[in-house]
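Architecture and fold: a report
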Amino acid sequence: MKWFPNVLAIGAMCTTLSVPVLGYQNFMEVKPSPQQVAWQDLEFGVIIHFSTNTFLDREWGDGTASPAVFNPTQFDPDQWAQAIKASGAKYIVLVAKHHDGFCLWPTEQTDYSVRASPWQDGKGDLVGDVARSARKYGLKFGVYLSPWDRHDPRYNNPEAYDKYYLSELEELAQHYGDLVEFWLDGAGSAGHIYNFSKIIETLRTYQPNTIVFADTGLFEYGDARWVGTESGRVDYENWNVIDRHGYLRWRPIEADTPLRKLHWFWHPHDEASLKSLDELTAVYEQTVGRGAQLMLGVAPDNRGLLPDSDVARLKELGAAIRRLQSGNLALQHLATTPEVAAALDGNTETFWSAPPGSHHAVLEADFAKPMSVDRVTTMEWLNDGQHVEKYAVEVWMENKWKSVASGQAIGHEKVDRFAPVTTSRIRLNILSSSQEAHIREFQVYSDAPSNK
């Protein structure tokens, strides 16, 4: 998936999930909507690419593929959902229509869909099947409906195509339950001008709580923003509030990357492209561990199944994530105040607040005996905004505090690694905050086997 924001027609508009501009003086005063808070807590989703490209060994369809090629003989959405659940992901976004224009549901708007394919004798509804399987296994569901359409002749007539696209959007928004996320981009597009304000207006009519993911080129229309690459990494200090054209908005980051290197769709004889467990674990830590949402691309094969190797790798990833999140040494802290304990209890529903009006504070965890530590995970309570501007993780050594990690932003979640140290005291030193800081979790870990 490539992004070409320069071809988009951008207008100034707030969605119902956006924060009004007027009255805000700085970044720290902008707050998320409840829907954005809930979405950020999901942390990890999967996007599924499966269409005519799957059967033609293509990444980019040109809209000329016959619907007859779409015929998965072993389609099993439960297998998809089980594998995705095992990875640790919390939701699925299905590419309901890619740039080739082929629709994976029996839309009334065009014949270029599963209804014209031999699959299930033209009576299938892949979007509905995947939505049901996702929810069956406790996963939320969302869709991507590509604005670019290389098949439909109406694309050359903006007014006619807008009506067509909006009618498809109405079908998806009304018939498949709550949508957790709606992808919106302008990939390709060939200079086409879209009526993005009407797209959002239509979506919000039926799905007022859906998070719209969009490139910053669609800043006025999105609720979450693209990280800027498809590497699955956040390479900068992550602030949830950004400024574009003088407008301030809460726009948390989503970082997308495929399970197979450079490939969003399945391709035959391509096992070498599957990312290693070490690569995927690093991606997880460099997205979720830097306060962003991870969107991992998976692709069923031409049977309609996720390849065995992909299923195994997703399961390994889920186990690795669970290992990263197990053995929180902060749970062994000595008795402290109830307020401090709220950030050391492993419960993201509780949080510690610095003294009212403060711009500097310290959160400390003490232990009965020295232990080796090499990693901390810190989470801000963001409902009231992102406040921490500078911090250090410090340990007590040789009768003084020593900094082992530092940064300028915490946000939803921040993982800090450092060389192993042995200590009985560790603290989060908030050196600067725009107003009193709120910390949901201060978790302490060691990758040393002796502490497991």
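Scroll up to find the structure.
In this text, all values refer to a predicted model and were calculated from it rather than measured experimentally.

**Here's the deal with helix α5 (residues 158–175)**
With 18 residues, α5 ought to run about 26 Å at 1.5 Å a step, and its terminal C-alpha atoms sit 26 Å apart, in line with that. Within α5, the full set of buried residues consists of Tyr161, Asp162, Tyr164, Tyr165, Leu166, Ser167, Glu168, Leu169, Glu171, Leu172 and Ala173. Tucked inside the fold, the buried residues of α5 contact β2 (91–97), α4 (126–136), β3 (140–145), β4 (181–184) and α6 (196–206). Of the residues trailing α5, Gly177 is marked for its positive phi of about 75°.

**Here's the deal with the packing of aromatic side chains**
Counted according to the given criterion, the structure contains 21 aromatic pairs. Geometrically, the ring pair formed by Phe196 and Tyr221 is tilted, given 5.8 Å between the ring centres and 40° between the ring planes. Of this pair, Phe196 sits in helix α6 while Tyr221 is found in the loop between β5 (211–214) and β6 (224–226), placing the two residues 25 residues apart along the sequence. Across this residue pair, the class does not change: Phe196 and Tyr221 are buried.

**With respect to the nonpolar core**
Here is a general trend for soluble globular proteins: nonpolar side chains tend to be buried in one another's company. Judged by nonpolar contacts, the single largest core of 66 residues is most densely connected at Phe44, Ile48, Leu126, Val127, Phe141, Phe182 and Leu184. Looking at this core, the element that brings in the most residues is α5, giving six residues. Counting residues in each nonpolar core, the second largest holds 30 residues, with Val340, Val373, Val388 and Val404 among its members.

**Thoughts on the packing of helix α7 (residues 277–287) against helix α8 (residues 308–324)**
Between α7 and α8, the shortest axis-to-axis distance is 10 Å and the interhelical angle comes to 50°. Taken as axis vectors, α7 and α8 run oblique relative to one another. Crossing of α7 against α8: the hand is right-handed. For the pair α7 and α8, contact is made by Leu277, Leu280, Thr281, Tyr284 and Glu285 and by Arg313, Glu316, Leu317, Ala320, Ile321, Arg323 and Leu324, respectively.

**A short note on the pairing of strand β16 (residues 438–445)**
Of all eight residues making up β16, eight are buried, and the element is well covered by its neighbours. Pairing of strand β11 (residues 352–353) with β16 involves two bridges; the strand directions are antiparallel. Note on β16: the bridge partner recorded for Trp352 is Ile439. As paired elements, strand β12 (residues 361–380) and β16 share six bridges and run antiparallel to each other. Note on β16: the bridge partner recorded for Arg375 is Tyr445.

**Considerations on the sheet that holds strand β9 (residues 253–258)**
Spatially, eight strands are ordered β1-β2-β3-β4-β5-β6-β9-β10 in a closed barrel, and the strand pairing comes out parallel. Taking the axes of each pair of neighbouring strands and ignoring which way they run, one obtains an average angle of 25° across the sheet. Each of β1 (44–48), β9 and β10 (293–298) is contacted by α7, which is oriented at about 150° to β10, the strand it contacts most.

Basis of the calculations
Residues numbered from 1 in each chain as written. Predicted model: local features only at pLDDT ≥ 70, side-chain atom pairs only at ≥ 80, totals over all residues. Heavy atoms only, no water. Helix = DSSP H or I, 4+ residues; strand = E, 2+ residues; numbered from the N terminus. Expected span 1.5 Å × (residues − 1). Buried < 20%, exposed > 50% of the residue type's maximum accessible area, 1.4 Å probe, protein only. Contact = heavy atoms within 4.5 Å. Phe/Tyr/Trp six-rings, centres within 6.5 Å; stacked < 30°, edge-to-face > 60°. Core = buried A, V, L, I, M, F, W, Y, C linked by side-chain atoms within 4.5 Å. Axes fitted to C-alpha atoms, helices over the stretch in contact; angles between N-to-C directions. Parallel < 35°, antiparallel > 145°, perpendicular 65-115°, else oblique. Left-handed = near helix turned anticlockwise from the far one by under 90°. Pairing = 2+ DSSP bridges.

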